[in-house]
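So you can see what is in the structure, the chains are spelled out below.
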Amino acid sequence: MIVARAVEKRYGRRRALRPLDVRLERGGFLVVTGANGSGKTTLLRLVAGLAAPSGGELEVDAGRGALGYLGHEPLLYRDLTAVENLDLYGRLYRVSERRERIGMLLERYGLWDVRAERIASYSRGMTQRLALCRALLHEPELLVLDEPFTALDAEGAELLDRQLAELAGTATVLLTTHEPARVELLASSRLALA
């Protein structure tokens with residue numbers, strides 16, 4: 001699903017991602033690790049189509065509608081409620097039976113009771129849970145997750161652990177983390193950036 005050959009990214013003179021080769025088969029689970037500034041986020045932004053490579057080749061066999069992305073920004077509207085946010089994204093992705101899917105995700109991620117509250121009142125952890133719901137709403141073939149455990153409490157992290165275990169082998173997952181042991185058993189391949 002993802003093939004990169006000597007793909008790299010520069011911003012002017014600053015190198016954000018050194019040339020690298022990556023191959024991730026459909027249904028694979030790639031865990032990317034590395035120090036801050038090693039290019040993890042840049043790689044995910046390239047794969048998600050949010051930035052263009054400065055060099056090399058990158059092929060991603062998933063259209064925009066088949067990709068779920070979770071980055072450092074939640075990509076949610078703070079003045080809307082959880083239901084309004086997910087309904088908006090559900091319409092954009094043409095999710096069939098979106099109300100049922102929204103209800104199921106909000107229930108699963110422990111946000112059902114606060115579904116009618118504006119996101120501006122949410123804690124950082126609650127916002128991260130809702131951002132995960134947004135990324136999963138349209139049941140993407142390719143899930144690109146940049147440090148998805150950030151800001152989650154123990155319960156939220158366990159919910160995400162279960163979700164990733166369910167997705168392993170069915171969806172293709174590209175995930176960065178500073179806790180590789182947490183997803184070690186799910187990983188079909190690993191990439192350590194220096």
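Scroll up to find the structure.
Quantities reported herein were computed from a predicted structural model and do not represent experimental measurements.

### Section: the overall build of the chain
Then step 1. Of the regular secondary structure elements, the chain holds five helices and eight strands.
Then step 2. N-terminal to C-terminal, the α/β element order of the chain is β-β-β-α-β-β-α-α-α-β-α-β-β.
Then step 3. Computed over the C-alpha atoms, the radius of gyration of the chain is 17 Å, within 12% of the 16 Å expected from 2.2 N^0.38 for a compact globule of 194 residues.
Then step 4. Each of the three principal axes of the chain carries a C-alpha extent, and together these read 45 × 30 × 30 Å.
Then step 5. At a minimum sequence separation of 6, the contacts of the chain that also span at least 24 residues come to 71%.

### Quick word on helix α2 (residues 82-92)
It helps to recall that an α-helix has 3.6 residues per turn; residues three or four apart then point in one direction.
Then step 1. Within the span of α2, buried status applies to A82, N85, L86, D87, Y89 and G90.
Then step 2. On its buried face, α2 sits against α3 (98-108) and α4 (124-136).
Then step 3. Phi for R94, located one or two positions after α2, is positive at around 55 degrees.

### Comments concerning the side chain of T42
Then step 1. For T42, the location among the structural elements is in helix α1 (residues 40-47).
Then step 2. Apart from residues lying up to four places away in sequence, T42 is in contact with K9, A16 and L17.

### Section: the packing of aromatic side chains
Geometry of an aromatic ring pair is reported as the spacing of the ring centres plus the angle between the planes.
Then step 1. Under the counting rule described, the total for this entry stands at zero aromatic pairs.
Then step 2. In this structure, K9 is placed above the aromatic ring of Y11, and the distance from its NZ or CZ to the ring centre is 4.9 Å.
Then step 3. One residue, R115, lies across the ring of W112, its end atom 3.8 Å from the ring centre.

Here is what the cut-offs are and how they apply
- Residues numbered from 1 in each chain as written.
- Predicted model: local features only at pLDDT ≥ 70, side-chain atom pairs only at ≥ 80, totals over all residues.
- Heavy atoms only, no water.
- Helix = DSSP H or I, 4+ residues; strand = E, 2+ residues; numbered from the N terminus.
- Rg over C-alpha atoms; globule rule 2.2 N^0.38 Å.
- Contact = heavy atoms within 4.5 Å.
- Buried < 20%, exposed > 50% of the residue type's maximum accessible area, 1.4 Å probe, protein only.
- Phe/Tyr/Trp six-rings, centres within 6.5 Å; stacked < 30°, edge-to-face > 60°.
- Lys NZ or Arg CZ within 6 Å of the ring centre and 35° of its normal.

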